[in-house]
Amino acid sequence: MQFDTVIASGQVVTAGDTIACDVGISGGKVAALGKGLSGREVIDASGKLVLPGGVDSHVHIAQPSGDGIVMADDFETGTRSAAMGGTTTIMPFCLQERGVPMREVLRDYHAKAEGQCYVDVSFHLIISEPTEQLLGQDLPALVEDGYTSFKIFMTYDDLKLNDRQILEVMAVARETGALVMVHAENYDAIRFMTEQLEKAGRTAPRYHATSRPKVVEREATHRAISLAEVVDVPVMIVHVSNRESMEQIRWAQQKGLPVLGETCTQYLVLTEDDLEGLGMEGAKYVCSPPPRDVESQEACWEGLRTGVFSVFSSDHCPYRYEDEQGKLNPNAKSSFRWVPNGIPGVGARLPILFSEGVSKGRMSLEQFVAVTAANPAKTYGLYPRKGTIAVGSDADIAIWDSDMRVTLEHRMLNDGADYTPYEGFEIVGWPVMTLVRGRKVVQSGKLVGSKDHGLYLPRNRSPFASASKSGL
Ligand code: DUC
Ligand code: ZN
Ligand code: ZN
């Protein structure tokens, strides 16, 4: 039998195993795993690792960001950067601005994404205004249509839900089998701290981190877990930055509660000191929750290694630095409060975790695949189509050279930002080829795909969420 493509003689890694074999691809799917396969095109992967393409389940693309602020990536640049870094599926958020019906929000996002994606894309919803119409009619229908996860915020003026509203959204999630993702930081404490700092003239970017200390995250994490327990619904705590919050999740898991956790690149390799910068340079690292300290980094590694965090994401949320619509907008100098929150990372996520995790012996290859591809795909209802290399799965594959040494430069990431917070990082291990459904999208650092190849993916319900519905 002749396959369309054979990836020959590599080490094929999944979340379960590493096996020396060829991968036969036909019709964009993995059609066979075995030795001596023959194909119309043969890609020699000898000496290389053949991994499932990354699934980045937490990215922000073309998201409304407030007056005069524009996100650095649209779907073309965001998906291009994902592919450069070995990621083949991304899951951006469709943010509901208050007063706008969710269906309208979705129409806009779909229009922005249509024909502009190098990799596959699926959407979470951000709920900022849980009206009766949304809770009673729209969300149940949207879950049926494949929008099976919602993010809610416990902070930010324009997004924050109060505890009552959080309970109401969670109740709908329980009814419909959707998965709730929570941004856990205490709104009032952050406002209080921000006002105190501003009064004291402490307005530089570094005070962003001072204004949201670990305790505001730990308190909100515990509250989110408790509210989910009241409703009896699973919950995913996203972008966890430190030990205290990680330990809230571990405590809940040990109690048998269906609580999931996610951490991100910045919490493994950046610290609050990066916000010091010279002048306004610290704005490049302003994100929420903020990066913490070396002990927090250790805690996040521990959370990944021990399974407290099952998902590792980029939280790619890019704003240009030298830009009036970005980090250096006209208000930013007057206070950190006006520096848009978020940093780019969709392209750097996998190389950094590979280098810091696998190459430095902190995690196995299989663990790397689990937290970057298989678990996000499972958690959000895309598995086994995505996140593994198995017969019948989409042939989304990244071929890695585990010995390749790269000094990271922003230009390699090919996103729409004008910097990377990871500039100059010494990386060992690099994705040398990315295939999406059998088609090459990146080869040797060059974009060779086309932006109409990426598909929109409606999703199944999370197996974690459905399990709870049936009485976990
Ligand atoms: N939350 C995110 O998930 N991303 C960036 C900013 C934020 O607050
Ligand atoms: Zn968030
Ligand atoms: Zn985010």
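Quantities reported herein were computed from a predicted structural model and do not represent experimental measurements. (Residues numbered from 1 in each chain as written. Chains lettered and ligands numbered in written order. Predicted model: local features only at pLDDT ≥ 70, side-chain atom pairs only at ≥ 80, totals over all residues. Heavy atoms only, no water.)

Peer 1: How should the pairing of strand 2 (residues 18–26) be read in this particular structure?
Peer 2: Looking along a regular strand, one sees side chains alternate from face to face of the sheet. In terms of strand pairing, strand 1 (residues 2–13) meets strand 2 through 7 bridges, oriented antiparallel. Looking at the pairing, Val12 lines up with Ile19 of strand 2. Between strand 1 and strand 2, which pair antiparallel one after the other, the connecting turn spans 4 residues. The sheet contact formed by strand 2 and strand 3 (residues 29–34) spans 5 bridges and is antiparallel. Residue Asp22 lies in a different strand from strand 3, and its bridge partner there is Gly34. (Pairing = 2+ DSSP bridges. Helix = DSSP H or I, 4+ residues; strand = E, 2+ residues; numbered from the N terminus.)

Peer 1: Looking at this structure, I do not really get the coordination of the zinc ion (ligand 2). What am I missing?
Peer 2: Tetrahedral coordination by four donors puts the ideal angle at the metal at 109.5 degrees, and octahedral coordination by six puts it at 90 or 180 degrees. Here the zinc ion (ligand 2) is held by Lys151 (NZ), His183 (ND1) and His239 (NE2), and the distances to it run 2.1 Å. Expressed as a motif, the donor residue spacing for the zinc ion (ligand 2) is K-x31-H-x55-H. Between the two metals, the zinc ion (ligand 2) and the zinc ion (ligand 3), the spacing is 4.2 Å. One end of the pair, Lys151, is in strand 10 (residues 149–153); the other, His239, is in the loop between strand 12 (235–237) and helix 8 (243–254), and 88 residues separate them in sequence. Residue classification places His239 among the buried positions, given a relative accessible area of 1%. (Donors = N, O, S within 2.8 Å, 3.2 Å for Na, K, Ca; no water. Buried < 20%, exposed > 50% of the residue type's maximum accessible area, 1.4 Å probe, protein only.)

Peer 1: How do you make sense of the packing of aromatic side chains when you look at a structure like this?
Peer 2: Counted under the stated rule, the structure contains 10 aromatic pairs. Consider the rings of Phe354 and Phe368, whose centres lie 5.4 Å apart with planes at 85 degrees: the pair is edge-to-face. Residue Phe354 is located in helix 11 (residues 349–359), and its partner Phe368 is located in helix 12 (residues 365–379); the two are separated by 14 residues in the primary sequence. Cluster of aromatic residues (ring-pair linked, three or more members): Phe75, Tyr109, Phe123, Tyr147 and Tyr456. (Phe/Tyr/Trp six-rings, centres within 6.5 Å; stacked < 30°, edge-to-face > 60°.)

Peer 1: Quick question: what am I supposed to make of the coordination of the zinc ion (ligand 3) here?
Peer 2: Protein coordination at the zinc ion (ligand 3): the donors are His58 (NE2), His60 (NE2) and Asp315 (OD), at 1.9 to 2.0 Å from the metal. The motif formed by the donor residues of the zinc ion (ligand 3), counted along the single chain, is H-x1-H-x254-D.

Peer 1: What's the story with the nonpolar core in this structure? I'm lost.
Peer 2: The tendency in soluble globular proteins is for nonpolar side chains to be buried side by side. The biggest cluster of nonpolar side chains holds 125 residues, and the ones touching the most others in it are Met170, Val182, Ile237 and Phe368. Each residue touching Phe368, except ones within four places of it in the same chain, is listed here: Leu51, Leu350, Leu353, Phe354, Val358, Met363 and Trp400. Of all hydrophobic cores here, the second largest spans 16 residues; its members include Ile7, Val23, Ile399 and Met433. (Core = buried A, V, L, I, M, F, W, Y, C linked by side-chain atoms within 4.5 Å. Contact = heavy atoms within 4.5 Å.)

Peer 1: Explain the packing of helix 7 (residues 214–231) against helix 8 to me, please; I cannot follow it from the model alone.
Peer 2: Packed helix pairs are specified by the crossing angle of their axes together with the interaxial distance, meaning the distance between the axes. Across the interface, helix 7 lies against helix 8 with an axial gap of 8 Å and an inter-helix angle of 20 degrees. Relative to helix 8, the element helix 7 lies roughly parallel. The chirality of how helix 7 crosses helix 8 is right-handed. From helix 7, Lys214, Val215, Glu217, Arg218, Thr221, His222 and Ile225 reach across to helix 8, where they touch Glu244, Ser245, Gln248, Ile249, Trp251 and Ala252. (Axes fitted to C-alpha atoms, helices over the stretch in contact; angles between N-to-C directions. Parallel < 35°, antiparallel > 145°, perpendicular 65-115°, else oblique. Left-handed = near helix turned anticlockwise from the far one by under 90°.)

Peer 1: Where do I start with empty space enclosed by the protein in this structure?
Peer 2: Gaps between atoms show up when a probe of the same size as a water molecule is rolled over them. Evaluated as defined, the whole model comprises 1 cavity of 30 Å³ or more. Looking at the largest cavity, its volume works out to about 40 Å³. Lining the largest cavity are Ser81, His316, Pro344, Gly345, Val346, Gly347, Ala348, Leu413, Asp415, Tyr419 and Thr420. (1 Å grid on protein atoms, 1.4 Å probe; cavity = no way out; pocket = protein on both sides within 12 Å on 5 of 7 lines; lining within 4 Å. Points joined across faces, edges and corners; volume = space filled by probe spheres on them.)

Peer 1: Honestly, the layout of surface pockets in this entry has me stumped. Any pointers?
Peer 2: Estimates place the volume of the largest pocket at around 1200 Å³. Lining the largest pocket are 45 residues, with Ser65, Tyr156, Asp158, Arg337 and Asn341 positioned closest to its centre. Mapped onto the lining of the largest pocket, the elements with two or more residues apiece are strand 10 and helix 5 (187–199). Element by element, the count of residues in the lining of the largest pocket is highest for helix 5, at 4 residues. Here the residues of the lining of the largest pocket are counted per class, giving 17 nonpolar, 18 polar and 10 charged. (Nonpolar A, V, L, I, M, F, W, Y, C, P; charged D, E, K, R; others polar.)

Peer 1: When you look at the environment of Ser9 in this model, what are you seeing that I'm missing?
Peer 2: Relative to the helices and strands, Ser9 resides in strand 1. Separated by 27 residues in sequence, Ser9 and Gly36 have C-alpha atoms that sit 8.6 Å apart. Residues contacting Ser9, with those up to four places away along its chain left out, are Cys21, Asp22, Ala45, Ser46 and Gly47.

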